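# Fold and contact review
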Amino acid sequence: PSLFQVGSGGRFRCPSCSQEVVLDRHGVYGLQRNLLVENIIDVYKQDSTSSRSQSSKPAGQPTCEEHDGEKVNIYCITCQVPTCSLCKVFGAHNTCQVAPLTQVYQQQKAELSEEVSSLVASNGQVQAFINELEVTCKNVEENCKTQKQTVCEKFNRMLAILEERQRIMKQRVTYEQEEKTGHARSLVRSYRESVETNTKLVETAMTTMEEPEMAAFVKIAKDLIVKANEASSTCIVETLKPGYENMDHYRVNFNAEKRALCKLDFVKGTVAASELSFFSLYRAPLSLARAPLAISVFY
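The model shown is predicted, which means the values in this text are computed figures rather than measured ones. (Residues numbered from 1 in each chain as written. Predicted model: local features only at pLDDT ≥ 70, side-chain atom pairs only at ≥ 80, totals over all residues. Heavy atoms only, no water.)

We now examine the overall build of the protein. A tally of regular secondary structure across the protein gives 5 helices and 7 strands. Ordered by position from the N terminus, the helices and strands of the protein form the series β-β-α-β-β-α-β-α-α-α-β-β. A total of 299 residues make up the protein; the buried ones form 15% of that total. Intrachain contacts of the protein at a sequence separation of at least 6 include 46% that bridge at least 24 residues. With the model as given, the accessible surface of the protein reaches about 23800 Å², and the carbon-plus-sulfur share is 56%. (Helix = DSSP H or I, 4+ residues; strand = E, 2+ residues; numbered from the N terminus. Buried < 20%, exposed > 50% of the residue type's maximum accessible area, 1.4 Å probe, protein only. Contact = heavy atoms within 4.5 Å. Areas by Shrake-Rupley, 256 points an atom, 1.4 Å probe, with all protein chains shown as cover.)

This part covers the pairing of strand 4 (residues 81-84). Each regular strand shows side chains that alternate between the opposite faces of the sheet. Pairing geometry for strand 3 (residues 72-76) and strand 4, over 4 bridges, is antiparallel. Among the inter-strand pairings, Ile74 is bridged to a residue of strand 4, identified as Thr83. Taking the residues between adjacent antiparallel strands as the criterion, strand 3 and strand 4 are bridged by 4 residues, where Gln80 takes a positive phi near 55°. (Pairing = 2+ DSSP bridges.)

With their axes 10 Å apart at the nearest point, helix 3 (residues 101-209) and helix 4 (residues 214-234) run at an angle of 155° to one another. The orientation of helix 3 with respect to helix 4, classified from their angle, is roughly antiparallel. Both helix 3 and helix 4 take part in a crossing whose hand is left-handed. Packed against helix 3, whose contacting residues are Asn198, Leu201, Thr204, Ala205, Thr208 and Met209, the element helix 4 presents Phe217, Ile220, Leu224, Lys227, Ala228 and Ala231 at the interface. The residue inventory of the contact of helix 3 with helix 4, partitioned by class, reads 8 nonpolar, 3 polar and 1 charged. (Axes fitted to C-alpha atoms, helices over the stretch in contact; angles between N-to-C directions. Parallel < 35°, antiparallel > 145°, perpendicular 65-115°, else oblique. Left-handed = near helix turned anticlockwise from the far one by under 90°. Nonpolar A, V, L, I, M, F, W, Y, C, P; charged D, E, K, R; others polar.)

So, about the confidence of the model for the protein. Per-chain confidence: the protein averages 79 in pLDDT, with 75% of residues scoring 70 or above. Low pLDDT (under 50) marks residues 272-299, which in the prediction has 58 contacts with non-local residues, meaning those over four places away or in another chain. (pLDDT = per-residue confidence, 0-100.)

Whenever strands of a sheet pair, they do so through backbone hydrogen bonds, lying parallel or antiparallel. One open sheet accounts for 3 strands, arranged 4-3-5; its pairing is antiparallel. At either end of the open sheet lies a strand with only one pairing partner, and these are strand 4 and strand 5 (98-100). Shown here is a sheet whose adjacent strand axes are inclined to one another by a mean of 45°, direction ignored. Across 3 bridges, strand 3 lies against strand 5 in antiparallel orientation. Within strand 5, the residue paired with Cys76 across the bridge is Val98.

This paragraph deals with a nonpolar patch on the surface. A cluster of nonpolar residues, Val202, Met206 and Met209, forms a patch on the protein surface that exposes about 310 Å² of accessible area. Mapping Met209 onto the fold places it in helix 3. According to the relative accessible area criterion, Met209 is exposed, its value standing at 54%. (Patch = residues over 30% accessible without salt bridge, like charges linked within 9 Å, V, L, I, M, F, W, Y side chains within 5 Å. Salt bridge = Lys/Arg side-chain N within 4 Å of Asp/Glu carboxyl O.)

All right, on to the side chain of Thr208 then. Summarising the element assignment, Thr208 is placed in helix 3. Take Thr208: its relative accessible area is 8%, and that puts it in the buried class. A polar side-chain atom of Thr208 sits 2.8 Å from the main-chain carbonyl oxygen of Thr204. Thr208 has contacts with Phe217, Ile220 and Leu224, leaving out every residue within four places of it along the chain. (Polar contact = N/O pair within 3.5 Å; in protein donor to acceptor, adjacent residues only side chain to side chain.)

Applying the stated rule across the entire model yields 0 aromatic pairs. Between the NZ or CZ atom of Lys180 and the centre of the ring of Tyr244, over which it lies, the distance is 5.3 Å. (Phe/Tyr/Trp six-rings, centres within 6.5 Å; stacked < 30°, edge-to-face > 60°. Lys NZ or Arg CZ within 6 Å of the ring centre and 35° of its normal.)

Of note, Tyr191 is situated in helix 3. Sequence spacing of Tyr191 and Cys235 is 44 residues, and the spatial spacing of their C-alpha atoms is 8.7 Å. Ignoring anything within four residues of it in the chain, the contact list for Tyr191 reads Ile236, Val237 and Glu238.

Here we take up helix 4. With 21 residues, helix 4 should cover 30 Å at 1.5 Å per step; its first-to-last C-alpha distance of 30 Å lies within 8% of that length. Burial in helix 4 covers these residues: Ala221, Leu224 and Ala231. Packing partners of the buried residues in helix 4 comprise helix 3. (Expected span 1.5 Å × (residues − 1).)

Moving on, we get to the state of the cysteines. Using the criterion set out here, one finds 0 disulfides in the structure. As a non-bridged cysteine, Cys64 has Cys84 as the owner of its nearest cysteine sulfur, 3.4 Å distant. There is no disulfide at Cys96, and the cysteine sulfur nearest it, in Cys76, is 3.7 Å away. (Disulfide = S-S within 2.5 Å.)

Enumeration according to the criterion identifies 4 salt bridges in this entry. The shortest N-O distance in the salt bridge between Arg167 and Glu164 comes to 2.8 Å. Placement of the pair is Arg167 and Glu164 together in helix 3, with a separation of 3 residues, close to one helical turn. We classify Glu164 as buried; its relative accessible area is 18%. Between Glu176 and Lys180 there is a salt bridge whose closest N-O contact spans 3.2 Å.

Written out as structure tokens, the structure is:
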């Protein structure tokens, strides 16, 4: 009865397998039920009730079917059936080996009790193994959940690194784009101003050539000739290098890295948890320095 009073967290050893048991909030009622033992107890209770009910009635003993009124008091070992003494002397069991019924009763009762005890012990061992398997399944599920989380974290870190490298490399291309387009646009502005100035000079010269008065024309023409000469001599177009707009020097070839990524796998052998990793990356400084992207993968 004291066991049924043990609360949550109580401990005791199983009387069958000596394994330590920790009770939950249900106490002893939360333990695994042993159906075999319960059935044996039920049978014992029924037999006990039947025996008590029969004890109030006149005691009786089975009689032989062949010899009316003769009590069954011996056991035929050869035929393995209970019988009476007359069957041994005059009946069908006169050549058989017999033994007292009480002796066979005690012997078989002891054997049955031993087998039942052995069966109960075996059932307890099987139940203990079942409990171990259930614990193992739970541990496997928890460990798999942990490892899946670790795998996701590793890949998330890899994705973050790739996104950062992508940002840096795009920024380098953008930097050269801005540098080249800025230079080209500055030339456009400069030459556009020169064209506008020269156009105005041409218009002025054309208007001057329409002057009918020679003296007035000569007075203005000399200055226009000097300006036109200076404009012509200074109008030298700066040419860009061949392939100035080409950006092929930013070629990328990640075939080796792609093959390595396709072969990603768990680390073979036993290593420390801190050493478990899919790959290590050489990360260039977060600047515009033109450092190559290097990816080292081990699996």
